Amino acid sequence: AQRVTQPEKLLSVFKGAPVELKCNYSYSGSPELFWYVQYSRQRLQLLLRHISRESIKGFTADLNKGETSFHLKKPFAQEEDSAMYYCAQGGRRNTGKLIFGQGTTLQVKP
Amino acid sequence: ETGVTQSPTHLIKTRGQQVTLRCSSQSGHNTVSWYQQALGQGPQFIFQYYREEENGRGNFPPRFSGLQFPNYSSELNVNALELDDSALYLCASSLGANSGNTIYFGEGSWLTVV
């Protein structure tokens, strides 16, 4: 079965420090991978997707098929980045099913 | 443009009862997916509706059922409620059923089964 693993439940860093939120997936084909974010008291929203290769709010994520990873990175964390981050993998092409990891809480301390 | 709206926001039910949760999709979206999020877990896919037909289902028993209406709003029904059904139920809408389409989530309905 397809599975997404986020090994850290909590990541705590100081403002200005680099951030890397880890995500590993299990899919032998060409996966569709996403990062979703949930800020306090807000709904879950898309942060970025691997296919668009964009940088959103300073975050980037690179797909590494050899390591089956899609880690989320930011060189300098800001306090407003504190939130819950979920890595997600698209299911079979026509279902729109997303398989989510358990989530990592990012805490950026002043 | 209105976002995804869900009702009710919170409810408490007794084990064995039935519950209906409602979702209005974002304007223009024809696809609705439902997810269950238990405390401390990521969302788990229940099923998806595309143009009023079920289009994919996760690992949930038949007592979880749904509907999509001609205006693309949707309902999630759960029969014979169990304590483990206590969770946040998220509705998400998109334009098209492909997982590559951007999915927009509602704020969820908190269900507590006692």
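A. Just the sheet that holds strand S7 (residues 64-68) of chain B, in detail. All names here are of chain B. As summarised here, the arrangement of the four strands in space is S1-S3-S8-S7, forming an open sheet in which the pairing is antiparallel. Here the strands that pair on one side only, and so sit at the sheet edges, are strand S1 (5-7) and S7. Taking each pair of neighbouring strands and ignoring which way they run, the sheet shows an average axis angle of 20°. Bridge analysis of S7 against strand S8 (residues 74-78) gives five bridges, and the strand direction is antiparallel. Across the sheet, residue Gly-66 finds its bridge partner in S8, namely Leu-76.

B. Inspection of the sheet that holds strand S3 (residues 19-21) of chain A at higher detail. Residues and elements named next belong to chain A. Across the sheet, which stays open at both edges, the three strands sit in the order S3-S8-S7 with antiparallel pairing between neighbours. In the strand order of this sheet, the two ends are held by S3 and strand S7 (60-61), each with one partner. Sheet topology note: the S7/strand S8 (residues 72-74) ladder contains two bridges and is antiparallel. Considered in S8, the bridge of Ala-61 is made with Leu-72.

C. Spatial organisation of the packing of aromatic side chains. Going through the model one piece at a time under the given rule, you end up with eleven aromatic pairs over all chains. Residues Phe59(A) and Tyr85(A) carry aromatic rings whose centres are separated by 5.6 Å and whose planes lie at 45° to one another, so their mutual orientation is tilted. Residue Phe59(A) is found in the loop between strand S6 (45-49) and S7, and its partner Tyr85(A) is found in strand S9 (residues 83-90); the two are separated by 26 residues along the sequence. By the burial criterion, Phe59(A) is buried, and Tyr85(A) matches it. Ring centres of Phe60(B) and Phe64(B) lie 5.1 Å apart, and the angle between their planes is 65°; on these two criteria the pair is classed as edge-to-face.

D. Representation of the state of the cysteines. With the rule as written, the count across this model stands at two disulfides over all chains. With a sulfur-sulfur separation of 2.0 Å, Cys23(A) is cross-linked through a disulfide to Cys87(A). Because the sign of the S-S torsion sets the handedness, a value of about -65° for the bond joining Cys23(A) and Cys87(A) places this disulfide among the left-handed ones. Within this pair, whereas Cys23(A) is found in the loop between S3 and strand S4 (24-26), its partner Cys87(A) is found in strand S9, the two being separated by 64 residues in sequence. With respect to class, Cys23(A) is no different from Cys87(A); both count as buried. A sulfur-sulfur separation of 1.8 Å characterises the disulfide bridge that pairs Cys23(B) with Cys91(B). Here Cys23(B) and Cys91(B) share a disulfide; its torsion about the S-S bond, -65°, makes the bridge left-handed. Residue Cys23(B) is located in strand S3 (residues 19-24), and its partner Cys91(B) is located in strand S9 (residues 87-94); the two are separated by 68 residues in the primary sequence.

Reading guide: rules and limits
- Residues numbered from 1 in each chain as written.
- Chains lettered and ligands numbered in written order.
- Predicted model: local features only at pLDDT ≥ 70, side-chain atom pairs only at ≥ 80, totals over all residues.
- Heavy atoms only, no water.
- Pairing = 2+ DSSP bridges.
- Helix = DSSP H or I, 4+ residues; strand = E, 2+ residues; numbered from the N terminus.
- Axes fitted to C-alpha atoms, helices over the stretch in contact; angles between N-to-C directions.
- Phe/Tyr/Trp six-rings, centres within 6.5 Å; stacked < 30°, edge-to-face > 60°.
- Buried < 20%, exposed > 50% of the residue type's maximum accessible area, 1.4 Å probe, protein only.
- Disulfide = S-S within 2.5 Å.

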